[in-house]
Amino acid sequence: MTKLLEWVFGVSVIGAAWALVTFDLLNLRLPEAYKEVAWPMPVYLLVVFGCYSLATVGYRVATFNDCEEASKELQDQIKEAKEDLRIKGLKM
Amino acid sequence: MATGEDQAVGMGLVGFSLLLFTYYTIWVIILPFVDSDHVVHQYFLQREYSVILPGIAALILLLSVGTFIGVVTWKNRKPKKVD
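Residues numbered from 1 in each chain as written. Chains lettered and ligands numbered in written order. Predicted model: local features only at pLDDT ≥ 70, side-chain atom pairs only at ≥ 80, totals over all residues. Heavy atoms only, no water.

Turning our eyes to something else, we now look at the nonpolar core. Val37, Met41, Tyr44, Val47 and Cys51 of chain A together with Tyr24, Trp27, Val28, Leu31 and Phe44 of chain B together form the largest nonpolar core, which totals ten residues. Among the secondary structure elements, those contributing two or more residues to this core are α3 (41-62) of chain A together with α1 (4-30) of chain B. Per element, the largest residue contribution to this core is four residues, and it comes from α3 of chain A. Residue contacts for Cys51 of chain A: discarding those within four places in its chain leaves Ser17, Leu20 and Phe21 of chain B. (Core = buried A, V, L, I, M, F, W, Y, C linked by side-chain atoms within 4.5 Å. Buried < 20%, exposed > 50% of the residue type's maximum accessible area, 1.4 Å probe, protein only. Helix = DSSP H or I, 4+ residues; strand = E, 2+ residues; numbered from the N terminus. Contact = heavy atoms within 4.5 Å.)

Written as structure tokens, this is what we have:
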């Protein structure tokens, strides 16, 4: 069973469960509150995933450490490359 | 350490996403179990908007990304050769 099939299967099962509750396909007569919670679920999960992504990006931006050595190395490499291209005739 | 501005922006993003998560979770998951005459309901719109508003936001995001790509592609078109 490929990964794609696994994911499709998992999503279908969850989607079927959601549709069952939202559209009352089996006439289970659940309390109204459960139906009210269930029907925005796909959008809710998307929004939560978006919030999590935003928070992760923000946190890693805030805690990123300066890399002095890498910065210096990069500057040297840029100078080297410019010099090399200048010799080969590229006008910067 | 990240510079002051980076920290401010990063922590701002974290705070904003926490606020959004809390408000939206209360709206979608908590409110249906609260009596309809409780005072907290006045701070939230009708339930339909909890799906419509993110839908509109997603639409705006897609349009912005598409417009940006379109503008950049248009600016970089060359008459005969395409790099």
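The next point concerns the interface of chain A and chain B. Facing 20 residues of chain A, the contacting portion of chain B comprises 23 residues. Across the contact surface, chain A and chain B share one salt bridge. Scanning the region where chain A abuts chain B turns up two residue pairs in polar contact (both at pLDDT 80 or more). Listing elements by their share of the side of chain A that touches chain B, those giving two or more residues are α2 (32-38) and α3 of chain A. The residue inventory of the side of chain A that touches chain B, partitioned by class, reads 16 nonpolar, two polar and two charged. (Salt bridge = Lys/Arg side-chain N within 4 Å of Asp/Glu carboxyl O. Polar contact = N/O pair within 3.5 Å; in protein donor to acceptor, adjacent residues only side chain to side chain. Nonpolar A, V, L, I, M, F, W, Y, C, P; charged D, E, K, R; others polar.)

Attention now goes to the UniProt feature "transmembrane region" (unreviewed entry) in chain B. All names here are of chain B. As recorded in UniProt, the feature "transmembrane region" (unreviewed entry) lies at residues 12-31 and 51-74. For the annotated span residues 12-31, helix accounts for 95% and strand for 0% of the residues, and the straight-line distance between the end C-alpha atoms is 27 Å. Along residues 51-74 the backbone is 100% helical and 0% strand, and the end-to-end C-alpha distance reaches 34 Å. (UniProt positions renumbered as here; feature names shortened; annotations may be inferred.)

To continue, consider the pattern of salt bridges. Residues and elements named next belong to chain A. Counting across every chain of the model gives six salt bridges over all chains. Residue Asp24 pairs with Lys35 through a salt bridge whose shortest N-O separation is 3.7 Å. With Asp24 in the loop between α1 (3-23) and α2 and Lys35 in helix α2, the pair connects residues that are eleven residues apart, well separated along the chain. For Lys88, the salt bridge identified is with Asp84, shortest N-O distance 3.3 Å. Assessed through its relative accessible area of 64%, Lys88 is described here as exposed.

Residue and element names in this part refer to chain B. Per the counting criterion, the structure on display carries six aromatic pairs over all chains. On the basis of an interplanar angle of 25° and a centroid distance of 4.6 Å, the ring pair of Tyr23 and Phe44 is categorised as stacked. With Tyr23 in helix α1 and Phe44 in the loop between α1 and α2 (49-75), the pair connects residues that are 21 residues apart, well separated along the chain. Relative accessible area serves as the criterion here: at 37%, Tyr23 is assigned to the partly exposed category. (Phe/Tyr/Trp six-rings, centres within 6.5 Å; stacked < 30°, edge-to-face > 60°.)

Bringing helix α4 (residues 68-87) of chain A into the picture now. Compared with an ideal rise of 1.5 Å per residue, which puts 20 residues at 28 Å, α4 of chain A spans 29 Å between its outermost C-alpha atoms and is within 8% of the ideal. The first or second residue beyond α4 of chain A is Gly89 of chain A, which carries a positive phi of 105°. (Expected span 1.5 Å × (residues − 1).)

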